[in-house]
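# Inside the fold
Residues per chain, in single letters:
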Amino acid sequence: MLSFWQSSVGKKAAMGLTGLIVVGFVLVHMAGNLQFFVGPSKFNEYSHLLRHTLIELTWIVRLVLLAAIAVHITAAWQLTQRAKAARPVGYERRDAQVSTYASRAMRWGGVYLLVFIVYHILHFTTGTLHPAYDEAQAYGNVVIGFSSLWVSLFYLGAMALLSLHLYHGTWACLRSLGLAKPSSNPLERRIALIVAIVVPAGFSLLPLSVLLGIVR
Amino acid sequence: MNLTLRVWRQAGPAAAGAMREYRAEGISPDMSFLEMLDVVNEGLIAKGDEPIAFDHDCREGICGMCGMMINGAAHGPQRLTTACQLHMRSFSDGETITIEPWRATAFPVLKDLVVDRSAFDRIIQAGGFISAPTGSAVDGNAIPIPKLDADDAMDAAACIGCGACVAACPNASASLFTAAKISHLGSLPQGQPERSRRALAMVAQMDLESFGGCSLFGECMEACPKGISIDTINTMHRDFLFASATKRDVKEWSGGA
């Protein structure tokens, strides 16, 4: 197990597996959020379900996600250090030929997403950074939270980076786990594209609808 | 053609290097890139200067000796082409060309554009042997091999070990090289007995040589003069994970004890 973790391939596999767990989570989280558009009572009910009725399950999910993200970040950090050490003297000129912008934005985009996740939890889960938090009124919390232009813009920025992270990550995690089939038009590329569009778009509907005054 | 070259000059492994500018005049567009450097070197020698050192051998794109960063791309602007097979018609008259050695901790610069790629040899060594009988050649079809498997193995075996994958990778990763070697033998029946051991040992050696990890940027595949696919990296990961999970062959690895 130790030699597995010490290997760069082992670390990538760990990043792939933990990444896949979080991809699964954001899909469910986004789908759950869409109940916002059914109406206040449905959304508050959903919040009550997660925070009270199914609280044990919620905690299991929270702990799994926390562990996954901790492993993901540790491996990412160590691999970044490894990559830096692998080329201490850079080129005077090296042009990116085919790598996608998404792949090159993984590291700094990941840092932005980490900051976003911490803020997001303090904003809507604990309410610490929310101007008028009421645990029983999840719907109202969303509307009030997103009526601030700056907060909404920060969320939308995070969703743009989430899209990039998912586009490269969903594709790469399947390959890091050796699950891809050799192909000139890989299936996991298409899956990644769909995930990278659907998930951030679904999340973004909430701040957008509040900002545009569609939902009050 | 008249060109301006900006070339990395470094007297020795421990010496400090710098970019220096040279004129390349009266170059024919039909010359190869290395022939153009030969012409520049003749001029330098005539002037009593030290010629630009670069690796080369077969000059027909199959030995893997030559390789340099040309205008920010490993082996220059043409796809599926080594520096020796790159022709000056790929450049325009009056152009300034930047020429640098491969840059990686695992590939220390020996002189000018020459780097030490022994790390690749040690990865190959770590792969060890395959259980093939020696002696007279086996009958051609004694071991049936599905056509697609033979194709996969051949595609991976096309690797000439030039190091362009490492040079082009933002992480300076040797994943494409190691993966090509692992999936070459792993695709064939003859490579099965040591398949797991080979994957573990070659990956371990690759890490030991201070190469970076794979981020699946895809730059290696584009730089590879033999067009080796990053699908091989998927195979390497699969073999490594399978070997780590099952610990197959590890007993044999320690000499069967």
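No experiment lies behind these values; they were computed from the predicted model shown.

## As for helix α5 (residues 175-186) of chain B
For an α-helix, the turn length of 3.6 residues means that residues three or four places apart are oriented alike. Residues and elements named next belong to chain B. With 12 residues, α5 should cover 16 Å at 1.5 Å per step; its first-to-last C-alpha distance of 15 Å lies within 8% of that length. Among the 12 residues of α5, 10 are classified as buried, and the element is accordingly described as predominantly covered. What α5 keeps buried is the set S175, L176, F177, T178, A179, A180, K181, I182, S183 and G186. As for α5, its buried residues are in contact with α2 (118-127), α3 (147-157), α4 (164-168), α6 (195-208), α7 (219-223) and α8 (231-246).

## Considerations on the packing of helix α6 (residues 106-125) of chain A against helix α8 (residues 149-176) of chain A
Residue and element names in this part refer to chain A. At a minimum axis separation of 9 Å, α6 and α8 run at an interaxial angle of 135°. By the angle between their axes, α6 is oblique relative to α8. Viewed along their axes, α6 and α8 form a crossing whose handedness is left-handed. Residue-level inspection shows M106, W108, G109, G110, Y112, L113, V115, F116, Y119, H120, H123 and F124 of α6 in contact with α8, the latter providing V151, F154, Y155, G157, A158, M159, L161, L162, L164, H165, H168 and G169. In terms of residue class, the contact of α6 with α8 is built from 16 nonpolar, eight polar and no charged.

## Thoughts on unusual backbone geometry
All names here are of chain B. The backbone of S210 shows a phi angle near 65°, a positive value even though the residue is not glycine. Tracing the chain through its elements places S210 in the loop between α6 and α7. Of note, the phi angle at L216 is positive, near 55°, even though the residue is not glycine. Its place among the elements puts L216 in the loop between α6 and α7. Overall, the relative accessible area of 6% leaves L216 in the buried class.

## Considering the nonpolar core
Residues W102(B), F107(B), F120(B), V166(B) and F211(B) are the most contacted members of the largest nonpolar core, which totals 53 residues. Listing elements by their share of this core, those giving two or more residues are α2 (8-33) and α8 of chain A together with α2, α4, α5, α6, α7 and α8 of chain B. Inspection of this core shows a minimum of three residues originating in each of domain 1 (3-111) and domain 2 (118-254) of chain B.

## Points about the interface of chain B and chain A
Contacts between the two partners involve 43 residues from chain B and, on the opposite side, 42 residues from chain A. Buried surface at the junction of chain B and chain A, both sides included, amounts to about 3500 Å², of which 50% is carbon and sulfur. Put simply, chain B and chain A have three salt bridges between them. The salt bridge involving D207(B) is made with R82(A); its shortest N-O contact spans 3.5 Å. Seen at the junction of chain B and chain A, the total is 29 residue pairs in polar contact (both at pLDDT 80 or more). Grouping the constituent residues of the side of chain B that touches chain A by class yields 22 nonpolar, 12 polar and nine charged.

## Here we look at the pattern of salt bridges
Enumeration over the complete set of coordinates arrives at 15 salt bridges over all chains. Across the pair R6(B) and E92(A) runs a salt bridge, and its minimum N-O distance is 2.3 Å. Here R6(B), found in strand β1 (residues 3-9), pairs with E92(A), found in the loop between α4 (55-86) and α5 (101-104), and the two come from separate chains. Beyond isolated ion pairs, a larger network of salt bridges with shared partners links R175(A), E188(A) and D231(B).

## Quick look at the confidence of the model for chain A
With 100% of its residues at a pLDDT of 70 or more, chain A shows a mean pLDDT of 96. Here helix α1 (residues 2-6) of chain A is the element of chain A with the lowest mean pLDDT, 89, and α4(A) is the one with the highest, 98.

## Considering a nonpolar patch on the surface
Residue and element names in this part refer to chain A. On the surface, L149, W150, L153, L208, L211, L212 and I214 cluster together into a nonpolar patch covering about 750 Å² of accessible area. Looking at the nonpolar patch, the elements that each hand over two or more residues are α8 and α9 (187-211). Here the nonpolar patch gets three residues from one element, more than from any other, and that element is α8. Here L149 is to be found in helix α8.

## A few points about the confidence of the model for chain B
Per-residue confidence for chain B gives a mean pLDDT of 94; residues scoring 70 or more make up 96%. Across the interfaces of the predicted complex, the ipTM metric reaches 0.94, alongside a pTM of 0.94.

## Remarks on the pairing of strand β5 (residues 96-100) of chain B
Residues and elements named next belong to chain B. In terms of residue burial, β5 counts as a mostly covered element, since four of its five residues are buried. Across four bridges, the pairing between β1 and β5 is parallel. Among the inter-strand pairings, L5 is bridged to a residue of β5, identified as I97. Bridge analysis of strand β3 (residues 69-70) against β5 gives two bridges, and the strand direction is antiparallel. Each bridged residue has a counterpart across the sheet, and for I70 the counterpart in β5 is I99.

## Structural notes on the packing of aromatic side chains
Residues and elements named next belong to chain B. Going through the model one piece at a time under the given rule, you end up with 19 aromatic pairs over all chains. Arranged with centres 5.2 Å apart and planes meeting at 75°, the rings of F107 and F120 form a pair that is edge-to-face. In this pair, F107 sits in the loop between β5 and β6 (109-111) while F120 sits in helix α2, placing the two residues 13 residues apart along the sequence. Seen in terms of ring centroids, F120 and F211 are 6.0 Å apart; in terms of plane orientation they differ by 35°. Their pairing is tilted. Linking F120 in helix α2 with F211 in the loop between α6 and α7, this pair joins segments that are 91 residues apart in sequence.

So, how was this worked out
- Residues numbered from 1 in each chain as written.
- Chains lettered and ligands numbered in written order.
- Predicted model: local features only at pLDDT ≥ 70, side-chain atom pairs only at ≥ 80, totals over all residues.
- Heavy atoms only, no water.
- Helix = DSSP H or I, 4+ residues; strand = E, 2+ residues; numbered from the N terminus.
- Expected span 1.5 Å × (residues − 1).
- Buried < 20%, exposed > 50% of the residue type's maximum accessible area, 1.4 Å probe, protein only.
- Contact = heavy atoms within 4.5 Å.
- Axes fitted to C-alpha atoms, helices over the stretch in contact; angles between N-to-C directions.
- Parallel < 35°, antiparallel > 145°, perpendicular 65-115°, else oblique.
- Left-handed = near helix turned anticlockwise from the far one by under 90°.
- Nonpolar A, V, L, I, M, F, W, Y, C, P; charged D, E, K, R; others polar.
- Core = buried A, V, L, I, M, F, W, Y, C linked by side-chain atoms within 4.5 Å.
- Domains from an automatic or database assignment.
- Buried area = accessible area lost by both parts, 1.4 Å probe.
- Salt bridge = Lys/Arg side-chain N within 4 Å of Asp/Glu carboxyl O.
- Polar contact = N/O pair within 3.5 Å; in protein donor to acceptor, adjacent residues only side chain to side chain.
- pLDDT = per-residue confidence, 0-100.
- Patch = residues over 30% accessible without salt bridge, like charges linked within 9 Å, V, L, I, M, F, W, Y side chains within 5 Å.
- Areas by Shrake-Rupley, 256 points an atom, 1.4 Å probe, with all protein chains shown as cover.
- Pairing = 2+ DSSP bridges.
- Phe/Tyr/Trp six-rings, centres within 6.5 Å; stacked < 30°, edge-to-face > 60°.

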